[in-house]
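If you want the building blocks of each chain, they are given just below.
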Amino acid sequence: MKQLTVVGAGWAGLAAAVAATQAGWHVRLFEAAQIAGGRARALPQTFADQPLDNGQHILIGAYKDTLALMRTVGLNPDALLQRLPLDLRFADGTGLNLPNWPMPFNFLAGVARAQGWESSDKANLFQAAWLWQRAKFDCDATWTVTQLCTHTQVSPRVTQQLIEPLCVSALNTPMAEASAVVFLRVLHDALWGGAGSADLLLPRVDLGALLPDASLQWLRAQGVEMHLGKRISPSDVNELQHQAARSPTHAVLLACPAWEAARLSADIAPRWAYQCAELPHTAIATVYLHCTEAGFTGLPRPMVALRSDTQAPAQFVFDRGALAQQPGLLAAVVSACSTERDELTEGVHAQVCEQLTLTNVQVVQTVVEKRATLACTPWVDRPESVVADGLWACGDYIRGPYPSTLEGAVRSGQHVVAQLSQVADRQRLG
């Protein structure tokens, strides 16, 4: 019998456990926390009797593997996610939004109708898009997104109002540091990935109900052995790896964050562990605000772009009343966050009040995930999924085509199980 021990029940670990169970593996799942979800989870704190999340996560229509996983564990993405055509407009209506048309007509029409852009801005963006497409959405591996925009002559206004918010939300890395290759890959999948691929998918439920809770229920129903609140030690991993190394049908999968995987594998694979430990990460902050303005019925759209700079750090604000039955609650997101909590909270509060013309707004809570994602730079050296004989790893930091996103985590978990199954089948038949 094929036996797999999965250490970590974040989105990568859950995706791996489901895929392995489907492939006929006997799975044991360990998670140090009492709840699943990793860095995309619900919090114990509530507002209007609904949980808050440790951050606002946007999915897009191109996240096909995540959507398929949701269906596998019995969820209906259409009910849990509000699907909207790509909309990056500010509160005053300026900016880009795409109509619900087939590609490329939606992109052409969206750019042509963009409010607040000069004709030269639009012409430059069309030319840049044509150049990206002609280059098959590839470029010099050393380029940053800033260098990409300079090379393809994207105008400063479009860079600031479109490219920068897309880059920082998708890669959680400032433009001047973000990998242009990865950015183009995400852009290709979103804008040229087929009908609905660029759509925004905004959660209508807390992050636990979006996938982790149902995944655990599905795994329990399949007889998976689960241990929540059970922390695995390096000696445990050493023993498990020693057993797995002697049998091609046994394996251990580290599905925990990079720094935890480094700690657990240090004695077994010191070079691999050092590579993980040295990976740079960036923070994401979410400032929850309660608007008690007389007559306030919500934002004009479920997600509104904000003009951001060092004094006004948030890039987007979400209307949790429209999305998650939490009337008056706004969630402002600061990607690639580098500001201290108190200063950050004060700056976001002032920014939201000014740009949304609100006065009666109180801070509910500020959530800072200090190591939210991998810093997606051209120079980052991401580790491979093979750690040592019988020991593997998955997660949004493992080498792959996507940045640290939910889709990247899910793909990593599923991909490593496919590799494991191939190895087990080859050795069994050989």
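The structure under discussion appears in the preceding block.
Note that the structure is predicted; figures quoted are calculated from it, not measured.

1. Points about a nonpolar patch on the surface
A contiguous nonpolar surface patch, about 330 Å² in accessible area, is contributed by W101, F105 and L108. Residue placement: L108 occurs in helix α4 (residues 105-113). Given a relative accessible area of 39%, L108 falls into the partly exposed group.

2. So, the packing of aromatic side chains
Taken as a whole, this structure holds 4 aromatic pairs when the rule is applied. Residues Y63 and Y402 carry aromatic rings whose centres are separated by 6.3 Å and whose planes lie at 65° to one another, so their mutual orientation is edge-to-face. You can see Y63 sitting in the loop between β5 (59-60) and α2 (64-72) and its partner Y402 sitting in the loop between β16 (391-393) and α16 (406-429), a full 339 residues away along the chain. Considering the side-chain rings of F107 and W192, the 5.8 Å spacing of their centres and the 50° angle between planes classify their relative orientation as tilted. Taken as a pair, F107 in helix α4 and W192 in the loop between α8 (180-191) and β7 (200-203) lie far apart in primary sequence, 85 residues in all. A connected cluster of aromatic rings, assembled from ring pairs, spans F107, F126, F137 and W192. Sitting over the face of the ring of F90, R307 holds its NZ or CZ atom 4.0 Å from the ring centroid. Of note, R371 hangs over the ring of W259, and the distance from its end group to the ring centre comes to 3.8 Å.

3. Quick word on the pairing of strand β10 (residues 281-291)
With respect to burial, β10 is a largely interior element, 8 of its 11 residues being buried. The pairing of β10 with strand β14 (residues 361-374) spans 10 bridges and is antiparallel. The residue of β14 that forms the bridge with L289 is V363. Bridging between β10 and strand β13 (residues 329-337) involves 7 bridges; their strand directions are antiparallel. Following the sheet pairing, A283 is matched in β13 by C337.

4. Focus on the layout of surface pockets
Here the second largest pocket defines a volume of roughly 530 Å³. Around the second largest pocket, the lining is made up of 23 residues, and of these E164, S308, D309, P313 and Q315 lie nearest the centre. Broken down by secondary-structure element, the contributors of at least two residues to the lining of the second largest pocket are α7 (156-171) and β13. The element best represented in the lining of the second largest pocket is α7, accounting for 5 residues. Grouping the constituent residues of the lining of the second largest pocket by class yields 11 nonpolar, 9 polar and 3 charged.

5. Comments concerning the nonpolar core
Ranked by internal contacts, the top residues of the largest apolar core, which has 105 residues, are L29, W132, L162, I163, F183 and L219. Non-local contacts of I163, meaning those with residues more than four positions away in its chain, are made with W132, V145, C149, V154, V158, M175 and F183.

6. Focus on empty space enclosed by the protein
Under the definition given, this model contains 2 cavities of 30 Å³ or more. Within this model, the largest cavity holds a volume of roughly 70 Å³. If you go around the largest cavity, the residues you meet are L86, L96, F107, L125, W132, L162, I163, L166, L187, L191 and W192. Sorting the residues of the lining of the largest cavity by element identifies α5 (119-134), α7 and α8 as the ones contributing at least two each. In terms of residues, the lining of the largest cavity owes the most to one element, α7, which gives 3 residues. A breakdown of the residues in the lining of the largest cavity according to their chemical character gives 11 nonpolar, no polar and no charged. The wall of the second largest cavity is formed by D53, G55, Q56, H57, P203, V205, L207 and R320. Taken together, the residues that form the lining of the second largest cavity break down as 3 nonpolar, 3 polar and 2 charged.

Parameters at a glance
Residues numbered from 1 in each chain as written. Predicted model: local features only at pLDDT ≥ 70, side-chain atom pairs only at ≥ 80, totals over all residues. Heavy atoms only, no water. Patch = residues over 30% accessible without salt bridge, like charges linked within 9 Å, V, L, I, M, F, W, Y side chains within 5 Å. Areas by Shrake-Rupley, 256 points an atom, 1.4 Å probe, with all protein chains shown as cover. Salt bridge = Lys/Arg side-chain N within 4 Å of Asp/Glu carboxyl O. Helix = DSSP H or I, 4+ residues; strand = E, 2+ residues; numbered from the N terminus. Buried < 20%, exposed > 50% of the residue type's maximum accessible area, 1.4 Å probe, protein only. Phe/Tyr/Trp six-rings, centres within 6.5 Å; stacked < 30°, edge-to-face > 60°. Lys NZ or Arg CZ within 6 Å of the ring centre and 35° of its normal. Pairing = 2+ DSSP bridges. 1 Å grid on protein atoms, 1.4 Å probe; cavity = no way out; pocket = protein on both sides within 12 Å on 5 of 7 lines; lining within 4 Å. Points joined across faces, edges and corners; volume = space filled by probe spheres on them. Nonpolar A, V, L, I, M, F, W, Y, C, P; charged D, E, K, R; others polar. Core = buried A, V, L, I, M, F, W, Y, C linked by side-chain atoms within 4.5 Å. Contact = heavy atoms within 4.5 Å.

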